[in-house]
Amino acid sequence: DPSVFHKRYLKKMRDLGEGHFGMVTLYLYDPANDGTGEHVAVKALKQENGHVPEGWMKEIEILKSLYHSNIVKYKGCCTELGHVVQLIMEYLPLGSLREYLSKRKLGVPQCLMFAQQICQGMEYLHTKRYIHRDLAARNVLVENDSLVKIGDFGLTKYIPEGDIYYRVREDGDSPVFWYAIECLKESKFSFSSDIWSFGVTLYEILTRCDPRQSPPTKFTAMMQKDTQSQMTVIELIKLLDKQLRLPRPKDCPHEVRMLMEQCWAAEPIQRPSFGSLIEKFEAVRQTYN
Ligand SMILES: Nc1n[nH]c2ccc(-c3ccc(NS(=O)(=O)c4cccc(Cl)c4)cc3)cc12
C-alpha cells in the first residue's frame, strides 16, 4: 500500500513551517537507504502525549478526500504504535507563497493568475461544503512559476446542509487580521468569511508579502493608540466598524481594488463567491494580453 509510510525510512531534512498545534517538516523517504528516495512533507502534531485528538483524524480524512490541481496532494500516513501520528503530503520545493514572493519580483499578471488559482481551489472546497478558516499567503504553496496550491487544512470545518455558518469556541492564536468582522464579533465562520480572508490574501500577494505592509503591521499602524501597544481584537473591530480597511497596494489595478473591497464588505451576503471572483480575475487578466 503506497499510502503507508514507515517511520524508520523517514530521514528528517528541515522544518517547513510551524502552526499552533503542528509542525510541517521536509523528510527524505528512503526505504533503500541509499539517498535515492523521494522528498515528502510531513505534518505532525506538536503535543506527543499519546492521545490523538479526533480533530487531527478529521483533518487527515479531509485532505485525503480532496482532489484538485490547486490543493496540495495527500500521499499517506505514517502510523506509530497503531494510531496515526503523521500526515504525508507531496513536497513543493518552492515553498510557501510568502517565501516565494519575497524572493522574486512578480508582475501583476502573475499575481492575478495565482489569486485566480487560489479561488479555484477554494471554490472546489466550498462545493464540498468545507470552510477553510485559515486562508493566508503563508498557507499557499508554490509548485512552479505558474502553479500554486492551498497547503494546509488544519482549521477546515464541514458545514452541514442548511447551515450557513460554523461557530467556534477555541481561539488559540487565531489569525485575527485575516478574520471577517463577524468572526471577530461572534466567532461565526461561513463560506463568506473565507472570502474575506481571500481578500486579505490577495492584498498580501499584491504587496508581495512585504513584511512592512503585512496585515498585522498595517492594522496596528492604523490604530490611533501608541504603536508599541499590542492591538486588541476590540480595537480591530472598532477600526473595521468605522469601515477602515487595508490600504490599496501600489501597483494594484483599480478593478482589483474593487474586488478586494467587495471581499471586505461588512455584510457577509454582500461579498462575492469564489465562482464570481474566478470570472472577474479571468476578465481582468485578459486586459493584460
Ligand atoms: N513546501 C511544502 N511542500 N509540501 C508542503 C505541505 C505543507 C507546507 C506548509 C503548509 C502551511 C504552512 N503554514 S504555517 O503557518 O507554517 C502552518 C499552519 C498551520 C499548521 C502548521 Cl503545522 C503550519 C507551512 C508549510 C509546505 C509544504
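Quick note: structure is the one above.
As the structure is a prediction and not an experimental result, all values here were calculated from the model.

Conventions and cut-offs
Residues numbered from 1 in each chain as written. Predicted model: local features only at pLDDT ≥ 70, side-chain atom pairs only at ≥ 80, totals over all residues. Heavy atoms only, no water. Helix = DSSP H or I, 4+ residues; strand = E, 2+ residues; numbered from the N terminus. Buried < 20%, exposed > 50% of the residue type's maximum accessible area, 1.4 Å probe, protein only. Near = heavy atom within 4 Å. Polar contact = N/O pair within 3.5 Å; in protein donor to acceptor, adjacent residues only side chain to side chain. Nonpolar A, V, L, I, M, F, W, Y, C, P; charged D, E, K, R; others polar. Axes fitted to C-alpha atoms, helices over the stretch in contact; angles between N-to-C directions. Parallel < 35°, antiparallel > 145°, perpendicular 65-115°, else oblique. Left-handed = near helix turned anticlockwise from the far one by under 90°. Contact = heavy atoms within 4.5 Å. Phe/Tyr/Trp six-rings, centres within 6.5 Å; stacked < 30°, edge-to-face > 60°. Core = buried A, V, L, I, M, F, W, Y, C linked by side-chain atoms within 4.5 Å.

*Asks:* Tell me about unusual backbone geometry, and name the residues and values.
*Replies:* Of note in the backbone geometry, R133 takes a positive phi value of approximately 75° without being a glycine. Mapped onto the secondary structure, R133 falls in the loop between β6 (130-131) and β7 (140-144). According to the relative accessible area criterion, R133 is buried, its value standing at 2%. Not every positive phi belongs to a glycine, and C209 is a case in point at roughly 55°. Within the fold, C209 resides in the loop between α5 (191-206) and α6 (215-222). On the basis of relative accessible area, C209 is assigned to the buried category, the value being 11%.

*Asks:* Account for the site of the ligand, naming residues and giving values.
*Replies:* Around the ligand sit 19 residues in total, of which E18, G22, E90, L92 and N139 are the nearest. The contact in question runs from a nitrogen atom of the ligand to an N or O atom on the backbone of L92, over 2.8 Å. Contact between the ligand and R138: a nitrogen atom at 3.3 Å from a main-chain N or O atom of the residue. Secondary-structure elements contributing two or more residues to the shell around the ligand are β1 (10-18), β2 (22-29), β3 (38-45) and β5 (83-90). Taken together, the residues of the shell around the ligand sort by class into eight nonpolar, six polar and five charged.

*Asks:* I'd like a description of helix α7 (residues 233-241), backed by residues and values.
*Replies:* Within α7, the full set of buried residues consists of E235, L236, I237, L239 and L240. Positive backbone phi, at 65°, marks Q243, one or two positions downstream of α7.

*Asks:* Can you explain the packing of helix α3 (residues 108-127) against α5? Please cite residues and give values.
*Replies:* One can describe the packing of α3 onto α5 by two numbers: an axis separation of 10 Å at closest approach and a directional angle of 160°. What the angle tells us is that α3 and α5 run roughly antiparallel. In this structure, α3 crosses over α5, and the sense of that crossing is right-handed. Contacts between α3 and α5 pair C111, A115, I118, C119, M122 and H126 from the former with F191, D194, F198, T201, L202, I205 and L206 from the latter. Here the contact of α3 with α5 is composed, by residue class, of 10 nonpolar, two polar and one charged.

*Asks:* An account of the packing of aromatic side chains is requested, with residue identities and associated values reported.
*Replies:* For the coordinates displayed, the defined rule picks out eight aromatic pairs. Each ring, one from Y130 and one from Y158, has its centre 5.8 Å from the other, and the planes form 75°; the classification is edge-to-face. Here the residue Y130 occupies a position in strand β6, and Y158 occupies one in strand β9 (residues 157-158), the gap between them amounting to 28 residues. Given the relative accessible area of 40%, Y158 is considered partly exposed. With a centroid separation of 5.8 Å and 20° between ring planes, the pair formed by F177 and F219 is classed as stacked. With F177 in the loop between β10 (165-167) and α4 (181-186) and F219 in helix α6, this pair connects stretches of sequence that are 42 residues apart. The pair F177 / F219 is uniform in exposure class, with both members buried.

*Asks:* Can you explain the nonpolar core? Please cite residues and give values.
*Replies:* As a rule of thumb, nonpolar side chains are buried together in soluble globular proteins. By size, the foremost hydrophobic cluster in this structure holds 79 residues, and its most contacted members are L97, I118, F198, L277 and F281. The element best represented in this core is α3, accounting for 11 residues. Those residues in contact with F198 that lie beyond four places of it in its chain are A115, I118, C119, L135, C263, F274, L277 and F281. Core analysis: the next-biggest nonpolar cluster, separate from the first, contains eight residues, F5, Y27, Y29 and V40 among them.

*Asks:* Please provide a residue-by-residue account of the packing of α5 against helix α8 (residues 254-263), values included.
*Replies:* Following both chains from N to C, one finds α5 and α8 inclined at 145°, their axes separated by 8 Å at the closest point. Of the two possible hands of crossing, α5 and α8 adopt the one that is left-handed. Contacts between α5 and α8 involve I195, W196, F198, G199, L202, Y203 and L206 on the former and, on the latter, V256, M260 and C263. Classifying every residue of the contact of α5 with α8 by side-chain character gives nine nonpolar, one polar and no charged.

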